[in-house]
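Take a look at the letters that make up each chain.
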Amino acid sequence: MGVIEAIKKGFAAASKNLTLVLVLFVFNAIWALGSIPLINPVNLATPGAATPTPISKTALGFSFLFILISIFMQGGSLGLVRDYLKAGSSKLGSFASYGLKYYLRLFALGLIIILIVLVAAIIATILIAATTPLKQLAVTIIATIAAVVIGIAALYFIILLLMSPYALVCDEAGIMGSLKSSIATVKKSFWKVTALLVLLILISFGVGFVIGLVIGLITAAMPAKVGQAVIGLANSAFNGYLGVAMMAAFMVFYLGLVKKEPQTQAPSSSSPTI
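These figures come from a predicted structure and were not determined experimentally. (Residues numbered from 1 in each chain as written. Predicted model: local features only at pLDDT ≥ 70, side-chain atom pairs only at ≥ 80, totals over all residues. Heavy atoms only, no water.)

Colleague: Which residues make up the pattern of salt bridges, and what values go with them?
Modeller: Enumeration over the complete set of coordinates arrives at four salt bridges. Put simply, Glu5 and Lys9 hold a salt bridge, and the shortest N to O gap is 3.4 Å. With Glu5 and Lys9 both in helix H1 (residues 3-16) and four residues apart, the pair spans about one turn of that helix. Sharing partners across several salt bridges, the network here consists of Arg82, Asp83, Lys101 and Glu172. (Salt bridge = Lys/Arg side-chain N within 4 Å of Asp/Glu carboxyl O. Helix = DSSP H or I, 4+ residues; strand = E, 2+ residues; numbered from the N terminus.)

Structure, rendered in structure tokens:
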């Protein structure tokens with residue numbers, strides 16, 4: 001399975017599953033519009049200073065709730081994308097059951113990746129902070145290099161775990177099983193997986209920049225709150241479509257790596273998908 005081919009199939013899957021894209025759009029839009037009243041204005045009480053006010057407990061609670069629900073949305077989306085790629089169709093009615101079925105395992109995978117990032121960041125910070133007061137250039141350089149090496153090692157391990165959610169859903173694996181499967185699978189084609197990740201990120205940034213520029217020009221003359229709402233809705237639509245496309249691209253690539261290519265051809269545009 002080639003990287004470009006996986007990306008093409010990913011975007012094709014998103015285009016054929018616009019109902020799922022719509023579901024993700026609605027979810028993202030609720031978050032975007034709901035968070036507007038919670039954005040703290042800049043505190044201009046002190047002349048010549050612009051100090052952001054502290055984040056409110058309501059905003060923090062809303063963000064935490066969004067993260068928890070996002071895991072449910074991820075599980076439901078992964079299940080439907082898998083069904084579409086393997087069988088050529090999927091049923092939106094299965095979304096909730098998939099979201100609940102994979103929730104705890106996806107939550108645990110997320111915690112593991114966050115833990116890796118935190119440990120690497122803490123070790124790197126301690127190394128740099130401990131050597132900076134020594135005022136010895138050689139020691140500081142060595143500590144900085146060590147911190148960079150730790151960061152690269154953490155990034156490498158995260159890439160190895162990149163396919164864990166897809167192994168979990170496609171293979172119905174447990175937490176440890178999906179981690180082991182991801183590591184074994186990515187090692188077979190590490191640079192291809194990395195290239196897929198980088199290309200999808202570049203596509204996301206590139207298209208997002210263009211859309212952001214256009215929306216920014218459109219909303220320039222609008223009232224602030226209205227402009228924020230329009231930008232939020234545009235971002236929600238973009239993230240909904242791109243989220244399905246990226247998810248499908250990674251899943252197609254994973255299925256190809258483990259020799260589990262779907263046997264059923266994708267249905268024509270006139271056929272129902274969800």
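Colleague: Go over helix H3 (residues 57-87), please, and point to the residues and values.
Modeller: Think of an α-helix as 3.6 residues a turn; residues three or four steps apart then line up on the same face. End to end, H3 covers 45 Å across 31 residues, agreeing with the expected 45 Å (1.5 Å per residue, within 8%). Among the residues trailing H3, Gly88 stands out with phi positive, at a value near 85 degrees. (Expected span 1.5 Å × (residues − 1).)

Colleague: Give me the side chain of Ser181: which residues, what numbers.
Modeller: Among the secondary structure elements, Ser181 is positioned in helix H8 (residues 175-188). At 3.1 Å, the side chain of Ser181 forms a polar contact with the side chain of Tyr254. Sequence-distant contacts of Ser181, that is, excluding residues within four places in its chain, are made with Ala167, Asp171 and Tyr254. (Polar contact = N/O pair within 3.5 Å; in protein donor to acceptor, adjacent residues only side chain to side chain. Contact = heavy atoms within 4.5 Å.)

Colleague: Account for the packing of aromatic side chains, naming residues and giving values.
Modeller: Considering all chains together, one arrives at nine aromatic pairs under this definition. An angle of 80 degrees between the planes, with centres 5.9 Å apart, marks the rings of Phe72 and Phe95 as edge-to-face. A residue pair is termed long-range when its members are at least 10 positions apart, and Phe72 in helix H3 and Phe95 in helix H4 (residues 95-101) qualify at 23 residues. Ring centres of Tyr166 and Phe250 lie 5.9 Å apart, and the angle between their planes is 25 degrees; this geometry places the pair in the stacked category. Taken together, the residues span a long stretch of sequence, with Tyr166 in helix H7 (residues 164-170) and Phe250 in helix H10 (residues 224-257) at a distance of 84 residues. Note on Tyr166: relative accessible area 10%, which makes it buried. Following the ring pairs from residue to residue traces out a cluster consisting of Phe27, Trp31 and Phe66. We note Arg82 situated over the ring of Tyr98; from NZ or CZ to the ring centre the distance is 5.0 Å. (Phe/Tyr/Trp six-rings, centres within 6.5 Å; stacked < 30°, edge-to-face > 60°. Buried < 20%, exposed > 50% of the residue type's maximum accessible area, 1.4 Å probe, protein only. Lys NZ or Arg CZ within 6 Å of the ring centre and 35° of its normal.)

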